[in-house]
Amino acid sequence: MGFLRILSSTMARMSTFRSYQMVLLLAAALAVVAFYYFGSERHSFSSTTKRIRQSQASQNANRNDADLSLDTRPEHKESKIALEANDAARQGDASPASVEYHALMMFTKVDKSRGLQAKFQVAVRSMAKHGSFLEGEALVLHFVSDEASRELGEKMLPELLMDATFLYQVVFHDVSSLSEKLLPIVEVMQKHFSAGSGAYFSDAIFFLSVAMHRIMPAEMKRIVQLDLDLKFRSNIRDLFQEFSHFPPGAVIGIGPELQPVYRHMFWQYRKENPKSKVGEPPPDGQPGFNSGVMLLDLEAMRRSALYNQLLEPGRVAGLAEKYHLQGHLGDQDFFSLIGMEHPELFSPLPCGWNRQLCTWWRDHGYGDVFQLYYRCEGPVHIYHGNCNTSIPDD
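Here we summarise the structure given alongside this text. (Residues numbered from 1 in each chain as written. Predicted model: local features only at pLDDT ≥ 70, side-chain atom pairs only at ≥ 80, totals over all residues. Heavy atoms only, no water.)

Some words on the overall build of the chain
Counting secondary structure elements, the chain contains 14 helices and twelve strands. Taken across its 394 residues, the chain has 49% of its residues classed as buried. By sequence separation, contacts in the chain at least 24 residues apart represent 81% of the contacts at least 6 residues apart. Summed over all atoms, the accessible surface of the chain reaches about 19,800 Å², with 54% contributed by carbon and sulfur. (Helix = DSSP H or I, 4+ residues; strand = E, 2+ residues; numbered from the N terminus. Buried < 20%, exposed > 50% of the residue type's maximum accessible area, 1.4 Å probe, protein only. Contact = heavy atoms within 4.5 Å. Areas by Shrake-Rupley, 256 points an atom, 1.4 Å probe, with all protein chains shown as cover.)

Right, here's the structure in full:
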């Protein structure tokens, strides 16, 4: 009988223990369900290309509550932010975009400059105001930034993009990481096309467009690179349609320089070759390019044997010597130089997509020919307030 009492007591304890285990297991299961159920209301994006969400809120929703969940990947030195698009016309389940349009801006040292902050506000607000995309399309905004500027951008963007009626995502790229990748490719260019006394590492980022096809992932086919001092007057989606106008062999879409910059910089070559069109104004001359707005066909850049040969140090040095070019405008100088010999690599972008406003050279020795370069017929889609020129109000 004593044995039976002991056995009965032991079984009761085991039963109580199993019940306790069951309670713990049930609580854990409920916690997991609650995490995924309630957590699904937050937009946490870990992919640039596959997880863009749209907001279900109406225009009267509190847009100051836009989610800023970060997915930082140290190995890629970039962070991604999902920002909500306010679009009362789009209701229903959130869904990823099937077509993406990539645009990139330099966003370094912005935290130290009120002027750059003001330009950034104008550029992004005007882009959001005039931007319109079709269902299933999204704009992916890339910013090359230092840490302090990134933190500032994260705070500013929800308000600047609050009126966007299209899907979008923001990606911040670490400037130091990109510069480290670029330096071996563009080091020789810095000797010919950089101002200063050789701060080569920091200068490398100004040649990002030159080697973008080697830096960005292979699945990214096209990207538009934009200066910060722009103001949109048309839908940015229409700018991407200019890719369809590329002739065979072209890898970059770019507009003309609207000042006699390269008339001046190629002065020695022009003196030695008086019949050359180098530096001459349009429509028959070669005025050089302005890199404030560029369409980079990354896939075509990767395929082009000619373009990649021109990146080789010996070719760069040889062309710079031939044309006696010692520039200071980074990628713009490189593209203008190779465009003198290989215009087939470039698709002319109408000047209205990069309507430069700077008139510095008019008052510095070129007043007699200035208007030949500066005139721009047709509609203005983007104002470019280069050399700190004021941009007209709408």
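Overview of the pattern of salt bridges
Where side chains of opposite charge bring their charged atoms close, a pairing between them can arise. Considering all chains together, one arrives at nine salt bridges under this definition. When the shortest N-O distance is used, the salt bridge between Lys112 and Asp111 registers 3.7 Å. A residue is classified by how much of its surface remains accessible, and Lys112, at 67% relative accessible area, is exposed. The shortest N-O distance in the salt bridge between Arg237 and Glu137 comes to 2.8 Å. Of this pair, Arg237 sits in helix H7 (residues 236-240) while Glu137 sits in strand E4 (residues 137-145), and the two are 100 residues apart along the sequence. As far as the burial class goes, Arg237 and Glu137 line up, both buried. Each of the salt bridges in this network shares a partner with another, and the network as a whole consists of Arg263, Arg270 and Glu280. (Salt bridge = Lys/Arg side-chain N within 4 Å of Asp/Glu carboxyl O.)

Some remarks on the packing of helix H2 (residues 114-130) against helix H3 (residues 147-160)
Between H2 and H3, the least distance of the axes is 10 Å, while the angle of their chain directions is 35°. For the pair H2 and H3, the crossing hand works out as right-handed. On H3, the residues touching Gln117, Phe120, Gln121, Val124, Arg125 and Ala128 of H2 are Leu152, Met156, Leu157, Glu159 and Leu160. Here the residues of the contact of H2 with H3 are counted per class, giving seven nonpolar, two polar and two charged. (Axes fitted to C-alpha atoms, helices over the stretch in contact; angles between N-to-C directions. Left-handed = near helix turned anticlockwise from the far one by under 90°. Nonpolar A, V, L, I, M, F, W, Y, C, P; charged D, E, K, R; others polar.)

Structural notes on the pairing of E4
Across the nine residues that make up E4, a large majority, nine, are buried. Residues Glu137, Leu139, Leu141, Phe143 and Ser145 point to one face of E4 and Ala138, Val140, His142 and Val144 to the other, with burial holding for every one of them. Where strand E3 (residues 99-107) meets E4, nine bridges bridge the pair, whose relative direction is parallel. What sits directly across from Glu100, in E4, is Ala138. Running through H2, the crossover from E3 to the neighbouring parallel element E4 is right-handed. Here E4 runs beside strand E5 (residues 167-174); their pairing, made up of eight bridges, is parallel. Across the sheet, residue Ala138 finds its bridge partner in E5, namely Leu167. (Pairing = 2+ DSSP bridges. Right-handed = clockwise from strand over helix to strand, strands pointing away.)

Some details on the side chain of Gln356
By secondary structure assignment, the location of Gln356 is in strand E11 (residues 355-356). The class for Gln356 is buried, based on a relative accessible area of 1%. A polar contact is formed between the side chain of Gln356 and the side chain of Asn290, at a distance of 3.4 Å. Filtering out sequence-adjacent residues up to four positions away, Gln356 remains in contact with Pro256, Glu257, Leu258, Asn290, Tyr374, His384 and Asn386. (Polar contact = N/O pair within 3.5 Å; in protein donor to acceptor, adjacent residues only side chain to side chain.)

Examining the packing of aromatic side chains
Applying the stated criterion across every chain, the model contains 21 aromatic pairs. Residues Phe120 and Phe143 carry aromatic rings whose centres are separated by 5.7 Å and whose planes lie at 80° to one another, so their mutual orientation is edge-to-face. Placement of the pair is Phe120 in helix H2 and Phe143 in strand E4, with a sequence separation of 23 residues. The pair formed by Phe120 and Phe143 is uniform in burial state, with each residue classed as buried. The ring centre of Tyr374 lies 4.2 Å from the NZ or CZ of Arg355, which sits over that ring. Above the face of the Phe370 ring, Arg362 is positioned so that its terminal group lies 5.8 Å from the ring centre. (Phe/Tyr/Trp six-rings, centres within 6.5 Å; stacked < 30°, edge-to-face > 60°. Lys NZ or Arg CZ within 6 Å of the ring centre and 35° of its normal.)

Description of the environment of Leu228
Positionally, Leu228 belongs in the loop between strand E6 (222-226) and strand E7 (230-232). Classification of Leu228 as buried rests on a relative accessible area of 10%. Sequence spacing of Leu228 and Met106 is 122 residues, and the spatial spacing of their C-alpha atoms is 6.9 Å. If near-sequence neighbours (up to four positions away) are discounted, Leu228 is found in contact with Met105, Met106, Phe107, Val110, Leu116, Lys119, Phe120 and Ala123.

Here we look at the state of the cysteines
Note on terminology: disulfide describes a covalent bond linking the sulfur atoms of two cysteines. Per the counting criterion, the structure on display carries two disulfides. A sulfur-sulfur separation of 2.0 Å characterises the disulfide bridge that pairs Cys351 with Cys376. With the S-S dihedral at roughly 100°, the linkage between Cys351 and Cys376 falls on the right-handed side. A residue pair is termed long-range when its members are at least 10 positions apart, and Cys351 in the loop between strand E10 (346-348) and E11 and Cys376 in the loop between helix H14 (370-374) and strand E12 (382-384) qualify at 25 residues. Residue Cys376 is classed as buried on the basis of its relative accessible area, which comes to 16%. What pairs with Cys358 in a disulfide is Cys387, and their sulfur atoms sit 2.0 Å apart. Its S-S torsion of approximately 110° makes the covalent link between Cys358 and Cys387 right-handed. (Disulfide = S-S within 2.5 Å.)

Things to note about unusual backbone geometry
When glycine is set aside, most residues are seen to have a negative phi, and most peptide bonds are trans. Residue Pro283 is bonded to the preceding Pro282 through a cis peptide linkage, with omega at 10°. Looking at the element boundaries, Pro283 is found in the loop between helix H9 (267-272) and strand E9 (289-297). Although it is not a glycine, Lys109 adopts a positive phi angle of roughly 60°. Within the secondary structure layout, Lys109 lies in the loop between E3 and H2. At His324, a residue that is not glycine, the phi angle is positive and equals roughly 55°. Turning to its location among the elements, His324 is positioned in the loop between helix H12 (313-322) and helix H13 (331-341). Judged by relative accessible area, which is 30%, His324 ranks as partly exposed.

The analysis is restricted to geometry; functional conclusions fall outside its scope.
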